[in-house]
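Chain residues, written in single-letter form:
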Amino acid sequence: MSDSRVGVLMQAWMIWLAVAAGLGFIELAAMTLDFALLAVAALAAAGVAALGLPIGLQFVAFFVVAILMVLLVRPVARRHLTRTPAIPSGTAALVGKSAVTLTEVGRDTGRVKIGGEEWSARAYDADLVIPQGTTVDVFAIEGATALVYPQEAPWLH
């Protein structure tokens, strides 16, 4: 192989690496995932160029890898990026928990202890008065108030 042919081959893979780096920088600015997939395709083309294969095969490698990345990797990655967390957090994590009434809980006032924290509370059923010391379930959180209901049906007493 002549020196000029080696120089051209070296330039080809370096150009593909520069294209991959450029696409990587664009991805950092855009944060769309699409440019990262194209950067991977450019790296594949750089690998083909480093093997000394002709420019036509380099472009074929680029397009084949780009299409495969968009068809196979992109949907999976998008699904993982847009999935909501399966673990509830904040006040949503309190819904369904058990609590103990610290004071009598009625339509407007009351206090409960949920997981070691004291919360203002009111009965989920406006006509119900829940005595102090009763174990209740948290049905909802409205602002800083827990809506609770006794675990045992009050009409069974």
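Please refer to the structure placed before this passage.
Note that the coordinates shown come from a computational prediction; the quantities given were computed from them, not determined experimentally. (Residues numbered from 1 in each chain as written. Predicted model: local features only at pLDDT ≥ 70, side-chain atom pairs only at ≥ 80, totals over all residues. Heavy atoms only, no water.)

Quick notes on the nonpolar core
Here is step 1 of the chain: Grouped together as the largest cluster of nonpolar side chains are 16 residues, with contacts concentrated most on Val 112, Ile 114, Ile 130, Val 138, Ala 146 and Val 148.
Here is step 2 of the chain: Of all the elements in the fold, those that place two or more residues in this core are β2 (111-114), β3 (117-123), β4 (135-142) and β5 (145-150).
Here is step 3 of the chain: Contacts of Val 148, omitting those with residues within four sequence positions, involve Val 105, Val 112, Ala 121, Arg 122, Ala 123, Tyr 124, Ile 130, Val 136, Asp 137 and Val 138. (Core = buried A, V, L, I, M, F, W, Y, C linked by side-chain atoms within 4.5 Å. Buried < 20%, exposed > 50% of the residue type's maximum accessible area, 1.4 Å probe, protein only. Helix = DSSP H or I, 4+ residues; strand = E, 2+ residues; numbered from the N terminus. Contact = heavy atoms within 4.5 Å.)

Some words on the packing of aromatic side chains
Here is step 1 of the chain: Considering all chains together, one arrives at six aromatic pairs under this definition.
Here is step 2 of the chain: Here a set of aromatic residues connected by ring pairs shows up, and it is made of Trp 16, Phe 59, Phe 62 and Phe 63. (Phe/Tyr/Trp six-rings, centres within 6.5 Å; stacked < 30°, edge-to-face > 60°.)

Things to note about the side chain of Thr 101
Here is step 1 of the chain: Looking at the secondary structure, you find Thr 101 in strand β1 (residues 98-101).
Here is step 2 of the chain: Among the polar contacts listed, one links the side chain of Thr 101 to the backbone nitrogen of Gly 133, at a separation of 2.9 Å.
Here is step 3 of the chain: Only 2.9 Å separates the side chain of Thr 101 from the backbone nitrogen of Thr 134, close enough to count as a polar contact.
Here is step 4 of the chain: Beyond its immediate sequence surroundings of up to four residues, Thr 101 is in contact with Arg 111, Val 112, Ile 130, Pro 131, Gln 132, Gly 133, Thr 134 and Val 136. (Polar contact = N/O pair within 3.5 Å; in protein donor to acceptor, adjacent residues only side chain to side chain.)

A few points about helix α2 (residues 34-50)
At 3.6 residues per turn, the α-helix brings residues three or four places apart onto the same side.
Here is step 1 of the chain: Over its 17 residues, α2 extends 25 Å from the first C-alpha to the last, a length consistent with the 24 Å expected when each residue adds 1.5 Å.
Here is step 2 of the chain: For α2, every residue scored as buried is listed here: Leu 37, Ala 39, Ala 41, Ala 42, Ala 45, Ala 46, Val 48 and Ala 49.
Here is step 3 of the chain: Phi turns positive, to about 85 degrees, at Gly 52, one or two residues after α2. (Expected span 1.5 Å × (residues − 1).)

Looking at the pattern of salt bridges
Note on pairing: side chains with opposite charge can pair once their charged atoms come close.
Here is step 1 of the chain: Evaluated as defined, the whole model comprises five salt bridges.
Here is step 2 of the chain: Here Glu 142 makes a salt bridge to Arg 122, at a shortest N to O gap of 2.7 Å. Placement of the pair is Glu 142 in strand β4 and Arg 122 in strand β3, with a sequence separation of 20 residues.
Here is step 3 of the chain: Its relative accessible area of 41% is what places Glu 142 among the partly exposed residues.
Here is step 4 of the chain: Sharing partners across several salt bridges, the network here consists of Asp 34, Arg 74 and Arg 78. (Salt bridge = Lys/Arg side-chain N within 4 Å of Asp/Glu carboxyl O.)

Observations regarding the packing of α2 against helix α3 (residues 55-82)
Here is step 1 of the chain: Contact geometry of α2 with α3 gives a least axis separation of 8 Å together with a crossing angle of 145 degrees. Both α2 and α3 take part in a crossing whose hand is right-handed. Mapping the contact onto sequence places Asp 34, Leu 37, Leu 38, Val 40, Ala 41, Ala 42, Ala 44, Ala 45, Val 48 and Ala 49 in α2 and Leu 57, Gln 58, Ala 61, Phe 62, Val 65, Ala 66, Met 69, Val 70, Val 73, Arg 74 and Arg 78 in α3.
Here is step 2 of the chain: Class assignment of the residues belonging to the contact of α2 with α3 gives a composition of 17 nonpolar, one polar and three charged. (Axes fitted to C-alpha atoms, helices over the stretch in contact; angles between N-to-C directions. Left-handed = near helix turned anticlockwise from the far one by under 90°. Nonpolar A, V, L, I, M, F, W, Y, C, P; charged D, E, K, R; others polar.)

Quick word on the environment of Ala 93
Here is step 1 of the chain: By the secondary structure assignment, Ala 93 is in the loop between α3 and β1.
Here is step 2 of the chain: When its relative accessible area of 26% is taken as the criterion, Ala 93 is described as partly exposed.
Here is step 3 of the chain: Through-space distance from the C-alpha of Ala 93 to that of Ile 141 is 9.8 Å; in sequence the pair is 48 residues apart.

Brief notes about the sheet that holds β5
Here is step 1 of the chain: In spatial order, the strands read β1-β2-β3-β5-β4; together these five strands close into a barrel with mixed pairing. In this sheet, adjacent strand axes meet at a mean angle of 50 degrees when their direction is disregarded. (Pairing = 2+ DSSP bridges.)

Remarks on the pairing of β2
Here is step 1 of the chain: In β2, alternate side chains face the same way, and those of Val 112 and Ile 114 are buried while those of Arg 111 and Lys 113 on the opposite face are not.
Here is step 2 of the chain: The pairing of β2 with β3 spans four bridges and is antiparallel. Its bridge partner being in β3, Ile 114 is matched across the sheet by Glu 117.
Here is step 3 of the chain: The antiparallel hairpin formed by β2 and β3 contains two residues in its connecting segment, where Gly 115 sits at a positive phi of about 55 degrees.

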